[in-house]
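Here's the letter readout for the chains.
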Amino acid sequence: MAIQISPNGRLMTIQTNDSSYQMLADKNGVLLHLYYGSSIGAEDLSDLIVRSDVGFSGNPEEAGLDRTYSLDTLPQEVASSGVGDFRDDSVRLTHPDGSCAADFRFESCEVVSGAYSIPGMPALYDTDKKNSETLIIKMKEKASGAILHLYYGVWEEENVITRTASLTNAGKEPIYVEKFLSCSMDMMDRDLDLISFTGRHAMERTMERTPVTHIKTEFGSIRGTSSHHYNPAMILCDRHATEDAGDCFGLCLAYSGSFTAMAQKDQRDQIRVQMGINPYQFRWCLTGGETFFAPQVILSFSNQGFSKLSHQYHDILHEHMCRGRYKHERRPVLINNWEATYFDFNEEKIEKIAAQAGELGIEMMVLDDGWFGKRDDDNSGLGDWFVNEKKIRGGLPKLSEKIHEKGMKFGLWFEPEMISEDSDLYRAHPDWAITIPGRVPNHARNQLVLDMTRSDVRDYLMARFEEILGNTKIEYVKWDMNRSICDMYSHIYKGEQSGECYHRYILGVYDLLERFVQRFPEILLEGCSGGGGRFDAGMLYYSPQIWCSDNTDAMNRLDIQYGTSFFYPISSVGAHVSACPNHQTGRSVPLSTRADVALAGSFGYELDLRLLSDEEKAQVKEQIKEFHDYYDLTHEGDYYRLTERDNTSFTAWEFVAKNKERALVEVVKKDAWGNPLPVHVAIKGLEDNSMYVCSLNGIKRSGKTWNHAGITLPKFLSAGESMKFTFMKVE
Ligand code: GLA
């Protein structure tokens, strides 16, 4: 039983295989958080809370003369607002009389089988209701009667608990929702570190670890996308947690818009942790009877360090968030023309690149930016999704046919959410662009953003998809989004509703994406936002792979892919071999290393293959064979980080097949010194009692020995050089 409820219906204990989570609705209806951590029984743990009279922490009416009972000190599941909890709130409301108070009390709870879905937003799904159960807790706002539902999705085997919430206005007049987070939780008696994944364009998801203190650690995005700058995921862990040891709590938000995440110790050293939609420019007008839903937070716990936590996220996101044909189907090796040609191409050049690629075993030609409208550079044309016949003579169907004749699939780039001022679309519909009347908008890449809150805008885009994808044989679409959103304003949602635009924008994007995947279920969709600016669990619901970064430098990719691997399945990481010197960093790295790094992802090439030497072409053929050979490991296996990010000498990682039959280890030497030291690599995840032979030295040992003793590389690698080897299970 994943969810246990005490006979009086007030003590709720959630059990997964390796974790427990407990809440109690106390006698006043306050929903207390009692426990989240290693698996334990279901007995009432409320004795863990020892109250005292804390000065300046006032008492609600129900406390009477008991000065020890305070919303300001109790560990809770919902953080009230304006009624005596002076920590960060999770629900902030403005009522019709202008007062700002939110005080929710428990009403009831129920358990339903299967996973919950969230209207218009991504959420983990459980098609045949086999894996999950849901606990729904109903709470009522003391004065206004507004109803809050807290949802806890329980995935027992997967060690995952999801949370979201909805708010219903029970009155007649509108309530303004000023803040409505998906998850708030107060953890008692904990000293924790917070790990976040920060960065910038072309350098995303750099791991950062900091102790949680009384000074608030808050991060998020107000860019309208989840962003390159902070990823909507965090880990709270023991101060000494490592890859293999220690308690770790993951929080991963399935949301692609502006978000907030926060952890802070309170005056009693409890840690309040929160996640959800960023309240920046957020104000939702909730009319009588209407319900507002928060996006989903996916929680997971491991008491064996980060590796196990990552496996749990990889498995649940791959299996229960990614959808469609390519969830498990082999992804084609692609060639993308972007870094090969940028805007300077015509159909002849593309055909030649495709011909060369086809000869080497590449399976799909992706035509990137520049095939439509007036688009010879990035100053114009966005929105005009009509083929530019000056560049692609004969149109897309003909080009696609030529490519298919070579035995290859064909893919196309779109940036649906954008509009250039120099475009026919803008000239026809200037009000479709997000700008504030009377202000000159900020430009980024000289483009504006389409008002995705509008159904007519979405209909236009859908009609363009229909026309292009309906009439051309296209097997892949790259859905890009290349700027942050500001100057927010919509001609539809204005005035009282202007605070809804950021969230409605992303709801609009989700609506269009949903229509797209329903209409074109055979197409492999790759998400992108200037590389990994919208690399989040929400996008994985629509696109099983996401272009990880515009930075294709293999050495930088080591760090970017390392950070990405904590939450996101390796199969979701778009990774390409590009030309050297690298266009982003100017660095040259051997072709073999570039391919070894890209192998830890959904693999492709992004360079003019015609410029390669015969020897390099032979290498490419070999690399493609290897990608196919190792596919079950890289896309379906368990991934282990074998080095820490601060290892300046080398980076190593490993894939172990789910059936433990074989493993692949990859090592990249980062730096080299005189009088070099041998490189010793840890090995993980092999079956203790089975024998494995290592391809590097032919030595046969038990999995247990390999796991404990590791391996020392027999040769010294130079800076930038890589090596990979396997372990095969033998009798
Ligand atoms: C973004 C993408 C790139 C490429 C360009 C095209 O930067 O991340 O891969 O598609 O746009 O303009």
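Residues numbered from 1 in each chain as written. Predicted model: local features only at pLDDT ≥ 70, side-chain atom pairs only at ≥ 80, totals over all residues. Heavy atoms only, no water.

*Asks:* Pulling in residues and values, what's your account of the pairing of strand E9 (residues 160-168)?
*Replies:* Of all the 9 residues making up E9, 9 are buried; the element is thus mostly covered by neighbouring parts of the structure. Covered by surrounding structure in E9 are Val160, Thr162, Thr164, Ser166 and Thr168 together with Ile161, Arg163, Ala165 and Leu167, the residues of both alternating faces. Inspection of the sheet shows strand E8 (residues 147-155) paired to E9 by 9 bridges, in the antiparallel sense. Across the sheet, the residue bridging to Leu150 is Ala165, located in E9. Hairpin connection from E8 to E9: 4 residues lie between these consecutive antiparallel strands, with Asn159 at a positive phi of about 60°. (Buried < 20%, exposed > 50% of the residue type's maximum accessible area, 1.4 Å probe, protein only. Helix = DSSP H or I, 4+ residues; strand = E, 2+ residues; numbered from the N terminus. Pairing = 2+ DSSP bridges.)

*Asks:* Help me get a handle on empty space enclosed by the protein, residues and values and all.
*Replies:* Across all of its chains, the model carries 7 cavities of 30 Å³ or more by this definition. Here the largest cavity defines a volume of roughly 110 Å³. Residue lining of the largest cavity: 13 residues in total, with Leu558, Gln561, Tyr562, Tyr639 and Trp653 positioned closest to the centre. At the level of secondary structure, the elements contributing two or more residues to the lining of the largest cavity comprise helix H9 (554-564), strand E31 (638-641) and strand E32 (650-656). Top element by residues in the lining of the largest cavity is H9. It accounts for 4 residues. Split by residue class, the lining of the largest cavity holds 8 nonpolar, 3 polar and 2 charged. (1 Å grid on protein atoms, 1.4 Å probe; cavity = no way out; pocket = protein on both sides within 12 Å on 5 of 7 lines; lining within 4 Å. Points joined across faces, edges and corners; volume = space filled by probe spheres on them. Nonpolar A, V, L, I, M, F, W, Y, C, P; charged D, E, K, R; others polar.)

*Asks:* Outline the nonpolar core, listing residues and values.
*Replies:* Soluble globular proteins: nonpolar side chains tend toward being buried together. Within the largest apolar cluster, 192 residues are counted, with the highest numbers of intra-cluster contacts made by Trp371 and Tyr605. Membership of the second largest hydrophobic core comes to 21 residues, among which are Ala652, Val656, Val665 and Ile683. (Core = buried A, V, L, I, M, F, W, Y, C linked by side-chain atoms within 4.5 Å.)

*Asks:* Requested: an account of the site of the ligand, with residues and values cited.
*Replies:* Around the ligand, 13 residues are found, and the nearest of them are Asp368, Asp369, Arg445, Lys478 and Asp550. Residue Asp369 places a side-chain N or O atom 2.6 Å away from an oxygen atom belonging to the ligand. Within the side chain of Asp480, one N or O atom sits 3.0 Å away from an oxygen atom of the ligand. Within the complex, the protein chains bury 96% of what would otherwise be the 310 Å² of accessible surface of the ligand. Placement of the ligand is best described as lying within the largest pocket. A per-class count over the shell around the ligand returns 4 nonpolar, 3 polar and 6 charged. (Near = heavy atom within 4 Å. Polar contact = N/O pair within 3.5 Å; in protein donor to acceptor, adjacent residues only side chain to side chain. Areas by Shrake-Rupley, 256 points an atom, 1.4 Å probe, with all protein chains shown as cover. Sits in = over half its atoms within 2 Å of the grid points.)

*Asks:* How would you explain the pattern of salt bridges if you had to name every residue and give the values?
*Replies:* Summed over all chains, the structure comprises 63 salt bridges. Here the salt bridges share partners, and the residues they tie into one network are Glu61, Glu62, Asp103, Arg105 and Lys142. (Salt bridge = Lys/Arg side-chain N within 4 Å of Asp/Glu carboxyl O.)

*Asks:* Break down the packing of aromatic side chains for me, with residues and values.
*Replies:* Applying the stated criterion across every chain, the model contains 42 aromatic pairs. Judged by centre distance (4.9 Å) and plane angle (55°), the rings of Tyr21 and Tyr36 are tilted. One end of the pair, Tyr21, is in strand E3 (residues 19-25); the other, Tyr36, is in strand E4 (residues 31-38), with 15 residues separating them in the sequence. There is no split in this pair, since Tyr21 and Tyr36 are both buried. Consider the rings of Trp338 and Tyr342, whose centres lie 4.9 Å apart with planes at 75°: the pair is edge-to-face. By the ring-pair criterion, three or more aromatic residues cluster together here, those being Trp371, Phe372, Trp385, Trp413, Phe414, Phe465, Trp479, Phe516 and Phe520. It is Lys27 that lies over the ring of Tyr69; its NZ or CZ is 5.8 Å from the centre. Stacked on the ring of Tyr176, the Lys or Arg Arg283 has its end atom at 4.1 Å from the ring centre. (Phe/Tyr/Trp six-rings, centres within 6.5 Å; stacked < 30°, edge-to-face > 60°. Lys NZ or Arg CZ within 6 Å of the ring centre and 35° of its normal.)

*Asks:* Account for the UniProt feature "active site" (unreviewed entry) in the protein, with residues named and values stated.
*Replies:* Within this numbering scheme, the UniProt entry marks Asp480 and Asp550 as carrying the feature "active site" (unreviewed entry). Across 71 residues in sequence, these annotated residues keep their C-alpha atoms within 11.5 Å of one another, forming a single compact spot. Lining the largest pocket, out of the annotated residues just given, are Asp480 and Asp550. You can see Asp480 is positioned in the loop between strand E26 (476-479) and helix H7 (501-519). Of the residues examined, Asp480 reaches a relative accessible area of 5% and is grouped as buried. (UniProt positions renumbered as here; feature names shortened; annotations may be inferred.)

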